[in-house]
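# Observations on chain architecture
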Amino acid sequence: MCGIVGVTGTKQSVSVLIEGLERLEYRGYDSAGIYVNDQTGNDYLVKRVGRISNLKNALTDDIAGTAGIGHTRWATHGVPSEVNAHPQFSADERFYLVHNGVIENFEQLKQEYLADVNFVSQTDTEVIAQLIDRFVVDYKMDTQSAFLKVLHLINDDSSYAFVLMDRETPDTLYVAKNKSPLLVGIGDGFNLVASDAVAMLKQTHTFMEIQDKEVVIVKPDKVTIHDFEGNEMKRDTFRVDMDASAADKGTYPFYMLKEVDEQPAVMRKLVQEYLDEDGRPTIEAGLLNEMKKADRLYIIGAGTSYHAGLVGARMFERLTKIPTQVFISSEFAYEQPIMSEKPFFIFLTQSGETADSREVLVNIKKQGWPSLTITNVPKSTLSREASYTLLLHAGPEIAVASTKAYTAQVALQAILAKALGMTCDQQAATEFDLKQQLGIVAVGMQALVDGKEKLESIASRYLSEPRNAFYIGRGIDWSVALESALKLKEISYVQAEGFASGELKHGTIALIEEHTPVIGIITQDRTAGLTRSNLQEVVSRGASVLTIAAKHLAQPDDTIVLPDVDPLLTPLLSVVPAQLLAYYTSLGKGLDVDKPRNLAKSVTVQ
Ligand code: F6R
């Protein structure tokens, strides 16, 4: 949440900041701002409420600088307004600060050190800017020492990524992070810092990691890193070979549609990365041996990642016979269940930065338990902090609504479950021809995305008007129903619920009225008939019923027929029409599909 970018050493700093912010807009989009300094005594601060485009429109040709910082905000403290937008600054306008995260003890810091100061914003960030100023001006500290002093005063529960500029040293970015993402980009004669590598890919492919609780001084030709005790840290650079265009929309109207369309390619990429020519998994033996020791697998995730975990649990249980439980990270973090003797944790997280999931990881590490993070973002926080990482290789997912990361999580869990099952000598795992099945999935997904016009017309006919909608299914279809309902509600604002078909009649059926859309997912032999009966029950009460059914279970009037695939992999296909129904419903209502209200892509606050 919130996107940060900083640059020093280029006259193009305004355009570098704006381009970077545009790439980071998925992280928050209620207000944005930049501060630039040209090192000859001129500096500029521009902030606007709303999207980056509003900020861009407010920029005039005279606004230029050789260094600067920028921010796109998802409000935590204080409403979205120009006053609360970042950069925040000290009262004497010497220090400018951008911040992503939450300073939990900002009220105490305010009372203890700044009782005489008039604050203009409601943000915790302004407190930090004013506090640094206090230590520099009143206590005569140099800026770096004052910055470090303040970092020491911020309590451990807080999260932050900070980039600070001082008018007296305008070529220097003072940088630090704790729990919030931030990394350095190394340029030729200039350097950058940003929340995500995608914001810097136009300028560089060489990056340097920042670890929690380090102070990083970024100058045009030099980057130095110290830990909080003042020890200088050596850090290697690494390359990200991704093309900047991988994060472009291309000719697509919205990222979400592009990302839905990319799913067949993501399936093929996962096959290439994790299965050999003969279809044997190539996952490292160290991870599998560690997992084999477990008496129970615990899958942890939030939102869509939690839903992917619900599917994954079925795969692990069927292919490995190891009991597997799935938890919502924000629940597990504060109410840990009675644990088994030898747990192994699997964290599912597209971004690798979700604060709720990280809280669990920190807790379980303290208890000495091993973990794996399955993520789309290399070197993300959860990836660095877990014992093992497997990458989703889905390419950047920019739309707030997760699509290709969900299907990649499901497919990679299938591969891992097969690999672990084979390590545990499970016949079902050995016999599972996953390579062939994922090939069928990729072809099936392609057919579904190629037939998207049908979903556009279904969305406009059934989903544009109603207030409520339901997805129902049993077993693995129920897991997909939950994800399908989340997609619909988050981008189209239709109140949608995913329901276990059999459970509907135990209360919720009271909500069914004339033309309430109820979408049944029917892919499993054992439960197909039961779900069809449950659909009949709602038809009798006036519902408009749609069906997404596997080919071998299909009936003539089913709405969408899916190609047949192994029953464990049906979510990879049944979710695609649901993603497209959500997309077209949102589009039909004229909404911003990629940036739904109140949301942000990477949820780095608890
Ligand atoms: C919904 C969505 C969210 C995320 C959730 C967890 O479309 O994207 O529900 O799945 O915020 O995010 P990650 O996977 O980054 O941990």
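Residues numbered from 1 in each chain as written. Predicted model: local features only at pLDDT ≥ 70, side-chain atom pairs only at ≥ 80, totals over all residues. Heavy atoms only, no water.

The name an unreviewed UniProt entry assigns to the protein chain is Glutamine--fructose-6-phosphate aminotransferase [isomerizing], from the organism Paucilactobacillus vaccinostercus DSM 20634. Checking UniProt for the protein chain, the heading Function (unreviewed entry) contains the comment "Catalyzes the first step in hexosamine metabolism, converting fructose-6P into glucosamine-6P using glutamine as a nitrogen source." Quoted straight from UniProt, the Catalytic activity (unreviewed entry) entry for the protein chain says "D-fructose 6-phosphate + L-glutamine = D-glucosamine 6-phosphate + L-glutamate". (UniProt positions renumbered as here; feature names shortened; annotations may be inferred.)

As summarised here, the arrangement of the six strands in space is β5-β6-β7-β8-β12-β13, forming an open sheet in which the pairing is antiparallel. Each edge of the sheet is formed by a strand with only one pairing partner; in this case those strands are β5 (88-89) and β13 (222-227). Pairing of strand β7 (residues 159-166) with strand β8 (residues 173-178), which is carried by four bridges, proceeds in the antiparallel orientation. Paired with Ala 161 across the two strands is Lys 177, which belongs to β8. On the sheet, helix α4 (residues 124-137) packs against β5, β6 (95-102) and β7 and is oriented at approximately 135° with respect to β6. (Pairing = 2+ DSSP bridges. Helix = DSSP H or I, 4+ residues; strand = E, 2+ residues; numbered from the N terminus. Contact = heavy atoms within 4.5 Å. Axes fitted to C-alpha atoms, helices over the stretch in contact; angles between N-to-C directions.)

Okay, the sheet that holds strand β19 (residues 388-391) next. Taken together, the five strands give an open sheet; going across it, the order is β16-β15-β17-β18-β19, and neighbouring strands pair in parallel fashion. Taken across any chain shown, the strands that pair with only one partner, and hence form the sheet edges, are β16 (324-328) and β19. Going from strand to strand, the sheet's axes swing by 20° on average, the running direction of each strand aside. Sheet strands touched by helix α11 (residues 355-366): β15 (296-301), β17 (343-349) and β18 (371-375). Its angle to β17, the strand with the most contacts, is close to 160°.

So, about the site of the ligand. Close contacts around the ligand come from 15 residues, with Ser 305, Thr 349, Ser 351, Thr 354 and Glu 490 the closest. Within the backbone of Thr 304, an N or O atom sits 3.1 Å from an oxygen atom of the ligand. Contact distances for the ligand include 2.7 Å between an oxygen atom and a backbone N or O atom of Gln 350. A total of 410 Å² of accessible area belongs to the ligand in isolation, and the protein chains cover 90% of it. At the level of elements, α9 (303-320) and α17 (476-492) are the ones that each hand at least two residues to the shell around the ligand. Taken together, the residues that form the shell around the ligand break down as five nonpolar, eight polar and two charged. (Near = heavy atom within 4 Å. Polar contact = N/O pair within 3.5 Å; in protein donor to acceptor, adjacent residues only side chain to side chain. Areas by Shrake-Rupley, 256 points an atom, 1.4 Å probe, with all protein chains shown as cover. Nonpolar A, V, L, I, M, F, W, Y, C, P; charged D, E, K, R; others polar.)

Turning to helix α3 (residues 106-113), a few remarks are in order. Phe 106, Leu 109 and Tyr 113 are the residues of α3 that are buried. For α3, the buried positions fall inside an angular range of 60° around the axis, keeping them on one side. Those residues of α3 that are exposed and angled more than 90 degrees off the buried face are Gln 111 and Glu 112. Those residues of α3 that are buried lie in contact with α4 and α5 (143-153). (Buried < 20%, exposed > 50% of the residue type's maximum accessible area, 1.4 Å probe, protein only. Arc of directions from axis to C-beta.)

Next up on the list: the nonpolar core. Ile 34, Met 267, Ile 346, Leu 416, Leu 438, Tyr 471 and Leu 569 are the most contacted members of the largest nonpolar core, which totals 127 residues. The element best represented in this core is helix α13 (residues 404-423), accounting for 12 residues. Other than its neighbours up to four places away in sequence, Tyr 471 contacts Ala 481, Ser 484, Ala 485, Leu 488, Glu 497, Gly 498, Phe 499, Ile 519, Ile 521, Ile 548, Ala 578 and Leu 581. Counting 29 residues, the second largest nonpolar core, distinct from the first, contains Leu 97, Val 117, Tyr 174 and Val 215. (Core = buried A, V, L, I, M, F, W, Y, C linked by side-chain atoms within 4.5 Å.)

A word on the pattern of salt bridges. Counted according to the given criterion, the structure contains 27 salt bridges. Note that Arg 235 and Glu 214 form a salt bridge whose closest N and O atoms lie 2.6 Å from each other. A residue pair is termed long-range when its members are at least 10 positions apart, and Arg 235 in the loop between β13 and β14 (237-239) and Glu 214 in strand β12 (residues 214-219) qualify at 21 residues. Taken individually, Arg 235 and Glu 214 each receive the classification buried, so the pair is uniform in this respect. The residue Lys 487 makes a salt bridge to Glu 483 at a minimum N-O spacing of 2.6 Å. Linking Lys 487 with Glu 483, this pair stays in helix α17, spanning four residues, or about one helical turn. Residue classification places Glu 483 among the buried positions, given a relative accessible area of 0%. Sharing partners across several salt bridges, the network here consists of Lys 177, Asp 212, Arg 358 and Glu 385. (Salt bridge = Lys/Arg side-chain N within 4 Å of Asp/Glu carboxyl O.)

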